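Below, each chain spelled out in residue letters.
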Amino acid sequence: MLFRSGSYGFEDKPCGIPEQGGLSGLIKTLAIEWDTVNCKMIDIDPKAKDIKSALCEEILSGGDDLEVALNKQGERKVIAYRDIETPVAMDRSLSDHGFVVVSGGARGVTAQCALALAETTSTSLLLLGRTALIEESASTRDLVNEGDIKKVLFLEAKNRGESPTPAAIQSAFKKIINMREVRSNIADMEKFGSAVVYQSADIQDPSSVKTAIDERRAEWGDVIGIIHGAGVIADNL
């Protein structure tokens, strides 16, 4: 629930606390990910009469509308979406001399953005990520099944005189999967003709980022674009 304007900002009136708009995105995400939970976002004018009754009525009998606005006059409005014609194709060419820096770009959704960029432009890409890209051990390189990989990791740890815990084995397994994902994404980008360099660097460490970019500048030229997708998932949802 938001106490803003009762109009989701579509009317010419103050919107209360703009930062609360981020909650709408969160609720819409939860509505997709938690398909067994009934989610609803209500933007209500704080000056509306009998707010409690209006909210109860909307929650109990407002139907499946995800985004609802209740204005000062008690009017109920919903956000409706409609298809629009695809705009005329734009010139997507980038400079032949330069490169795009992609933070967090070797895995996950940001890697998919970088892949789409490679497919449409074949521009040079500097991928920055925290995953250390090291050679995978020959003992697991050809294994696909999670159980088989973890079994090898457990036996190797025992042979080193360690007492591996399930958490330690899971962590080692995750590192292998992450490295495989990085290599697979890089290979896919290179298929489209992009020159790709992956550099292990933490975006929170300016010196490591500067070093990585300066090295590429010497060979590829100027930075012509930045895709910032680095982040730490710590939402506990």
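Structure's up top.
### Section: the side chain of Asn185
Here comes step 1: The residue Asn185 is located in helix H5 (residues 166-191) in this model.
Here comes step 2: Residue Asn185 is classed as buried on the basis of its relative accessible area, which comes to 9%.
Here comes step 3: If we ignore the near neighbours within four places in the chain, the residues touching Asn185 are Ala106, Arg107, Ala111 and Gln112.

### Focus: helix H2 (residues 51-61)
Here comes step 1: Ile51, Leu55 and Glu58 are the residues of H2 that are buried. Buried residues of H2, viewed axially, fall in a sector of 65°; they line one side. Pointing more than 90 degrees away from the buried face of H2 are the exposed residues Lys52, Glu57, Leu60 and Ser61.

### Digging into the environment of Tyr8
Here comes step 1: Summarising the element assignment, Tyr8 is placed in the loop between strand S1 (2-3) and helix H1 (21-33).
Here comes step 2: On the basis of relative accessibility, which here comes to 11%, the residue Tyr8 falls in the buried class.
Here comes step 3: Measuring from C-alpha to C-alpha, the distance between Tyr8 and Glu67 comes to 8.8 Å, with 59 residues separating the pair along the chain.
Here comes step 4: Leaving out residues up to four positions away in the same chain, Tyr8 has contacts with Ser24, Met41, Ile42, Asp43, Glu67, Val68, Ala69 and Ile79.

### Digging into the layout of surface pockets
Here comes step 1: Reported here for the largest pocket is a volume of approximately 630 Å³.
Here comes step 2: As for the largest pocket, its lining consists of 23 residues, of which Gly104, Arg107, Arg130, Ala230 and Gly231 are closest to the centre.
Here comes step 3: Listing elements by their share of the lining of the largest pocket, those giving two or more residues are helix H3 (108-121), strand S6 (124-129) and H5.
Here comes step 4: Its residues placed into classes, the lining of the largest pocket shows 10 nonpolar, nine polar and four charged.
Here comes step 5: Surrounding the second largest pocket, 23 residues form its lining, Ser171, Ala172, Lys175, Ile176 and Met179 being those nearest its centre.

### With respect to the packing of aromatic side chains
Here comes step 1: Overall, the coordinates contain one aromatic pair when judged by the stated rule.
Here comes step 2: If you follow Arg216 out to its NZ or CZ, it ends over the ring of Trp220, 4.9 Å from the centre.

### Topic: the nonpolar core
Here comes step 1: Core analysis: the biggest nonpolar cluster contains 15 residues, and Leu125, Leu127 and Met189 have the highest contact counts within it.
Here comes step 2: Only strand S5 (99-103), H3, S6, H5 and strand S7 (196-200) provide two or more residues apiece to this core.
Here comes step 3: Take this core: its biggest share by element is five residues, from H3.
Here comes step 4: If you look at the next biggest cluster of nonpolar residues, it comprises nine residues, including Phe99, Ala201, Ala212 and Trp220.

### Some thoughts on the pattern of salt bridges
Any two side chains of opposite charge can pair, on the condition that their charged atoms come close.
Here comes step 1: By the definition in use, this model includes 13 salt bridges.
Here comes step 2: Across the pair Lys150 and Glu146 runs a salt bridge whose closest N-O atoms are separated by 2.7 Å. Placement of the pair is Lys150 and Glu146 together in helix H4 (residues 146-159), with a separation of four residues, close to one helical turn.
Here comes step 3: With a relative accessible area of 21%, Lys150 lands in the partly exposed category.
Here comes step 4: Asp214 serves as the salt-bridge partner of Arg217, at 3.1 Å between the closest nitrogen and oxygen. With Arg217 and Asp214 both in helix H6 (residues 206-220), this residue pair falls three residues apart, about one helical turn.

The rules we used
- Residues numbered from 1 in each chain as written.
- Predicted model: local features only at pLDDT ≥ 70, side-chain atom pairs only at ≥ 80, totals over all residues.
- Heavy atoms only, no water.
- Helix = DSSP H or I, 4+ residues; strand = E, 2+ residues; numbered from the N terminus.
- Buried < 20%, exposed > 50% of the residue type's maximum accessible area, 1.4 Å probe, protein only.
- Contact = heavy atoms within 4.5 Å.
- Arc of directions from axis to C-beta.
- 1 Å grid on protein atoms, 1.4 Å probe; cavity = no way out; pocket = protein on both sides within 12 Å on 5 of 7 lines; lining within 4 Å.
- Points joined across faces, edges and corners; volume = space filled by probe spheres on them.
- Nonpolar A, V, L, I, M, F, W, Y, C, P; charged D, E, K, R; others polar.
- Phe/Tyr/Trp six-rings, centres within 6.5 Å; stacked < 30°, edge-to-face > 60°.
- Lys NZ or Arg CZ within 6 Å of the ring centre and 35° of its normal.
- Core = buried A, V, L, I, M, F, W, Y, C linked by side-chain atoms within 4.5 Å.
- Salt bridge = Lys/Arg side-chain N within 4 Å of Asp/Glu carboxyl O.

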